[in-house]
Amino acid sequence: MDISPSVTKVLKKEFNDLLASENWLDMLVNGELYNFEEKLHGSLLGLYDKMCKVLILYISQQEIFLSKQKALAQTKNLKKLTLRFTKLQLRTGTRIRYRSLYAKKIPVDYQEQRHLSDLYWNTQSKASPTFSSLCTLLSVICPSFVVTSMILLFFGVKSNFYRIRQVSLDMATTCMKHRVNIQLAEKETLAGKRVIIGMDGGRSRTRAYKNTEADNKKWKCFATPWREPKMFVISLIDEHGKMDKKELPIYDCSFGDDEAFSLLELYLVLH
C-alpha cells in the first residue's frame, strides 16, 4: 500500500525542519559532541512521534483498514460498530489520538477490548507492543517501578510509576495465560528426548489484604503471610546422562505442591 503524496509531503517537510533546526556541524567543530548527540536524539524522537501520528491518522481513515477491523469483529461476534476516538501510547511514551471502530454490542462473556484497532494491533493497555515490552523488561530488571521510570526518562521515553506498573501487570496477566508455550522456541518439543526434572522449594512473604471497613481509604491494610514457592527445571541429557548444552532448560515455578505438579504436567503433556 503506497503512502499518499500529501502524507509524503508532510513527512519531507518535518525532516527538512529537523535538519534546519540546529547548526549540527558547528557543534561537532566546537567539540560539543554531547550536545550534538543529545539534541539530535531528542529531535529524532520527536520526528518519530510525528511520523507515527501522521501515518496512523492516515491509515485509520482508510477503507482497507476499516474492513480488516470489521472482519475481526465478525470472528469475535462484535456488533453495532461505530467510529470512536481512542488513544495509543507509542514507544517514546507519547500518546496519539485517532479514530477506531468500537463495538457497542458484545457477547455476554466477552472480556477483551471493544476498540477493534486495539485487538487488531494487539495494543493492550492502550500501549504499543514496543512500549509494553520496554516497561515490562525494565520492571523485571530494575528493583522498582520508580527506578524503571527514571531509566526510561533517561532514554527519552515519557512515562511514570503508575503507567509502568499498569502496563507491566497487564502484560504479565496476558503472558500467564500462555506461560507453557511462551518461553519455548517455535517447534521446540521434548518428544523423543531424555530429560531430568529437578524441584526445590523455599519461603517467601506474600501480601494478603485484610477485609476491613477502611476499604475506601487510599492505603489498605494487609498481612504478609509466608508461602512456599516451588520451582522446577526440566533439563535435557544425552545418551551418557550428561547435560545437553545445546538445549536450554525450562524453568517455571508456582506456590504449593498441587499447583507446581499440575504446571509440570502441562509442560510434559504438551511438549
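Structure shown above.
Scope of this entry: the structure provided in the associated data block.

Conventions we followed
- Residues numbered from 1 in each chain as written.
- Predicted model: local features only at pLDDT ≥ 70, side-chain atom pairs only at ≥ 80, totals over all residues.
- Heavy atoms only, no water.
- 1 Å grid on protein atoms, 1.4 Å probe; cavity = no way out; pocket = protein on both sides within 12 Å on 5 of 7 lines; lining within 4 Å.
- Points joined across faces, edges and corners; volume = space filled by probe spheres on them.
- Nonpolar A, V, L, I, M, F, W, Y, C, P; charged D, E, K, R; others polar.
- Helix = DSSP H or I, 4+ residues; strand = E, 2+ residues; numbered from the N terminus.
- Polar contact = N/O pair within 3.5 Å; in protein donor to acceptor, adjacent residues only side chain to side chain.
- Pairing = 2+ DSSP bridges.
- Axes fitted to C-alpha atoms, helices over the stretch in contact; angles between N-to-C directions.
- Core = buried A, V, L, I, M, F, W, Y, C linked by side-chain atoms within 4.5 Å.
- Buried < 20%, exposed > 50% of the residue type's maximum accessible area, 1.4 Å probe, protein only.
- Contact = heavy atoms within 4.5 Å.
- Parallel < 35°, antiparallel > 145°, perpendicular 65-115°, else oblique.

Attention now moves to empty space enclosed by the protein. Where empty space is left in the structure can be found by rolling a water-sized probe over the atoms. Throughout the structure, instances matching the rule amount to one cavity of 30 Å³ or more. Forming the walls of the largest cavity are Glu 188, Thr 189, Leu 190, Lys 193, Leu 236, Glu 247, Leu 248 and Ile 250. Its residues assigned to classes, the lining of the largest cavity comprises four nonpolar, one polar and three charged.

What follows covers the environment of Asp 238. By secondary structure assignment, the location of Asp 238 is in the loop between strand E8 (229-237) and strand E9 (250-255). Measuring from C-alpha to C-alpha, the distance between Asp 238 and Lys 193 comes to 8.3 Å, with 45 residues separating the pair along the chain. A distance of 2.9 Å separates the side chain of Asp 238 from the backbone nitrogen of His 240, its partner in a polar contact.

Turning to the sheet that holds E8, a few remarks are in order. Read across the sheet, three strands follow the order E3-E8-E9 without closing on themselves; strand pairing throughout is antiparallel. Strand pairing shows two members of the sheet lacking a second neighbour, strand E3 (194-201) and E9, which therefore form its edges. Strand-to-strand twist in this sheet, taken as the mean axis angle between neighbours without regard to direction, amounts to 20°. Relative to E9, E8 runs antiparallel, the two being bridged by six bridges. Bridge pairing links Ile 234 to Ile 250 in E9.

The next subject is the nonpolar core. Judged by nonpolar contacts, Val 180, Leu 184, Leu 190, Phe 232, Ile 234, Leu 236, Ile 250, Leu 263, Leu 264 and Tyr 267 together constitute the single largest core of 10 residues. If you list the elements that add at least two residues to this core, you get E8 and helix H10 (257-270). Residues contacting Ile 250, with those up to four places away along its chain left out, are Gln 183, Leu 184, Leu 190, Phe 232, Val 233, Ile 234 and Tyr 267.

Before going further, it helps to examine the packing of helix H1 (residues 5-21) against helix H3 (residues 33-59). For the pair H1 and H3, the least separation of the axes is 11 Å and the interaxial angle reads 170°. Accordingly, the angle class assigned to the pair H1 and H3 is roughly antiparallel. Across from Val 7, Val 10, Leu 11, Glu 14, Phe 15 and Leu 18 in H1, the residues of H3 making contact are Ser 43, Leu 44, Leu 47, Lys 50, Met 51, Val 54, Leu 55 and Tyr 58. Class assignment of the residues belonging to the contact of H1 with H3 gives a composition of 11 nonpolar, one polar and two charged.

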